[in-house]
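# A closer look at the structure
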Amino acid sequence: AQSVTQLGSHVSVSEGALVLLRCNYSSSVPPYLFWYVQYPNQGLQLLLKYTSAATLVKGINGFEAEFKKSETSFHLTKPSAHMSDAAEYFCAVSATGGKLIFGQGTELSVKP
Amino acid sequence: DARVTQTPRHKVTEMGQEVTMRCQPILGHNTVFWYRQTMMQGLELLAYFRNRAPLDDSGMPKDRFSAEMPDATLATLKIQPSEPRDSAVYFCASGLGGQVKETQYFGPGTRLLVL
């Protein structure tokens, strides 16, 4: 069975600082991994996804994530945080039939 | 810009009442998912359909929840009778193909409060 663990329910960074949101997965088969972002009172929007084509995946809004099989990780990074990045971020693994299994989410705060 | 739409966006009801939530998937998408988001449980899958057929509804309380797709452009989630513990945000998502690497597109959600 697949599962996802996000380390840190809340991360706070200063504007312009590096953003690092951690995600570890467990999967008995090669995983397909996703990062979604949720802004307040909105639905989830895809940031990026890993589908085995390349281990470093670039997404929207300057985010990227690196798939590391040896570490079973898929951490999300952005070199320089912007105030507009404040939101909740969800890591997910795709299971049979395409359904998503989500982590608990990480709320990102950006301080001016 | 194709989007998943959900109605209503907000619903306040009293315990015991029936609640119906509707979802219009992106035109051409053949897979529809219903998720529920709560503070305690996070995001959890309730049910999903492919080509209008239910594939998995193991996440739904069977005695009170039901999900259907009357046609390819409409998915419904009903709760009867509703209970305070059903208070949550319910998301619909749609996708094309149903393969494990396919992207799911989420609607804005229905925020349900059961008093």
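The preceding data block contains the structure.
Structural notes, computed from the coordinates.

## Details of the overall build of chain B
- The secondary structure content of chain B amounts to zero helices and 11 strands.
- Each helix (α) and strand (β) of chain B, taken in turn from the N terminus, gives the series β-β-β-β-β-β-β-β-β-β-β.
- Expressed as lengths along the three principal axes of its C-alpha atoms, the size of chain B is roughly 40 × 30 × 30 Å.
- Counting every position in chain B, which comprises 115 residues, the buried fraction comes to 48%.
- Within chain B, contacts between residues separated by at least 24 positions form 54% of all contacts whose residues are at least 6 apart in sequence.
- Carbon and sulfur atoms make up 51% of the accessible area of chain B, which totals about 5,800 Å².
- The averaged location of the 12 negative side-chain charges in chain B is 4 Å from the averaged location of its 13 positive side-chain charges.

## What to know about the interface of chain A and chain B
- Facing the 21 residues of chain A at the interface are 24 residues of chain B.
- Surface buried jointly by chain A and chain B totals about 1,700 Å² across both partners, of which 52% is contributed by carbon and sulfur atoms.
- Inspection of the region where chain A meets chain B yields one salt bridge.
- For the salt bridge of B:D56 with A:K99, the shortest nitrogen-to-oxygen distance reads 2.8 Å.
- Linking chain A with chain B are eight residue pairs in polar contact (both at pLDDT 80 or more).
- Among the secondary structure elements, those contributing two or more residues to the side of chain A that touches chain B are β4 (33–38), β5 (44–50), β9 (87–94) and β10 (100–102) of chain A.
- Along the lines of polarity and charge, the residues of the side of chain A that touches chain B split into nine nonpolar, 10 polar and two charged.

## Concerning the sheet that holds strand β8 (residues 73–78) of chain A
Residues and elements named next belong to chain A.
- Spatially, five strands are ordered β1-β3-β8-β7-β6 in an open sheet, and the strand pairing comes out antiparallel. Only two strands of the sheet have a single neighbouring strand rather than two, namely β1 (3–7) and β6 (56–58). When the angles between neighbouring strand axes are averaged without regard to direction, this sheet yields 20°.
- Relative to strand β7 (residues 64–68), β6 runs antiparallel, the two being bridged by three bridges. By the bridge assignment, V57 is partnered in β7 with A65.

## Points about the packing of aromatic side chains
- Overall, the coordinates contain 14 aromatic pairs over all chains when judged by the stated rule.
- Measuring from centroid to centroid gives 6.2 Å for A:F90 and A:F102, while their planes differ by 85°, and the two rings are edge-to-face. Of this pair, A:F90 sits in strand β9 while A:F102 sits in strand β10, and the two are 12 residues apart along the sequence.
- Given a relative accessible area of 1%, A:F90 falls into the buried group.
- Following the ring pairs from residue to residue traces out a cluster consisting of A:F34, A:Y36, A:F90, A:F102, B:F33, B:Y35, B:Y48, B:F91 and B:F106.

## Observations regarding the side chain of A:Q38
- Mapped onto the secondary structure, A:Q38 falls in strand β4.
- Of the polar contacts made by the side chain of A:Q38, one reaches the side chain of B:Q37; its length is 3.0 Å.
- The residues touching A:Q38, leaving out its near neighbours within four places in the chain, are A:G43, A:L44, A:A87, A:E88, A:F90, B:Q37 and B:F91.

## What to know about the state of the cysteines
- On inspection of all chains with the given rule, the structure shows two disulfides over all chains.
- Between the sulfur atoms of A:C23 and its disulfide mate A:C91 the distance is 2.0 Å. Sign of the S-S torsion, about -60° for the bond between A:C23 and A:C91, identifies this disulfide as left-handed. Taken together, the residues A:C23 in strand β3 (residues 19–26) and A:C91 in strand β9 connect sequence positions 68 residues apart. For the pair A:C23 and A:C91, one class covers both residues: buried.
- Paired through a disulfide, B:C23 and B:C92 show a sulfur-sulfur distance of 1.9 Å. Given an S-S torsion of about -55°, the disulfide between B:C23 and B:C92 has left-handed geometry. Linking B:C23 in strand β3 (residues 19–24) with B:C92 in strand β9 (residues 88–95), this pair joins segments that are 69 residues apart in sequence.
- On the basis of relative accessible area, B:C23 is assigned to the buried category, the value being 1%.
- Look at B:C92 and you get buried, because its relative accessible area is 0%.

Each value, and the rule that gives it
Residues numbered from 1 in each chain as written. Chains lettered and ligands numbered in written order. Predicted model: local features only at pLDDT ≥ 70, side-chain atom pairs only at ≥ 80, totals over all residues. Heavy atoms only, no water. Helix = DSSP H or I, 4+ residues; strand = E, 2+ residues; numbered from the N terminus. Buried < 20%, exposed > 50% of the residue type's maximum accessible area, 1.4 Å probe, protein only. Contact = heavy atoms within 4.5 Å. Areas by Shrake-Rupley, 256 points an atom, 1.4 Å probe, with all protein chains shown as cover. Lys, Arg positive; Asp, Glu negative; His and termini not counted. Charge placed at Lys NZ, Arg CZ, Asp CG, Glu CD. Buried area = accessible area lost by both parts, 1.4 Å probe. Salt bridge = Lys/Arg side-chain N within 4 Å of Asp/Glu carboxyl O. Polar contact = N/O pair within 3.5 Å; in protein donor to acceptor, adjacent residues only side chain to side chain. Nonpolar A, V, L, I, M, F, W, Y, C, P; charged D, E, K, R; others polar. Pairing = 2+ DSSP bridges. Axes fitted to C-alpha atoms, helices over the stretch in contact; angles between N-to-C directions. Phe/Tyr/Trp six-rings, centres within 6.5 Å; stacked < 30°, edge-to-face > 60°. Disulfide = S-S within 2.5 Å.

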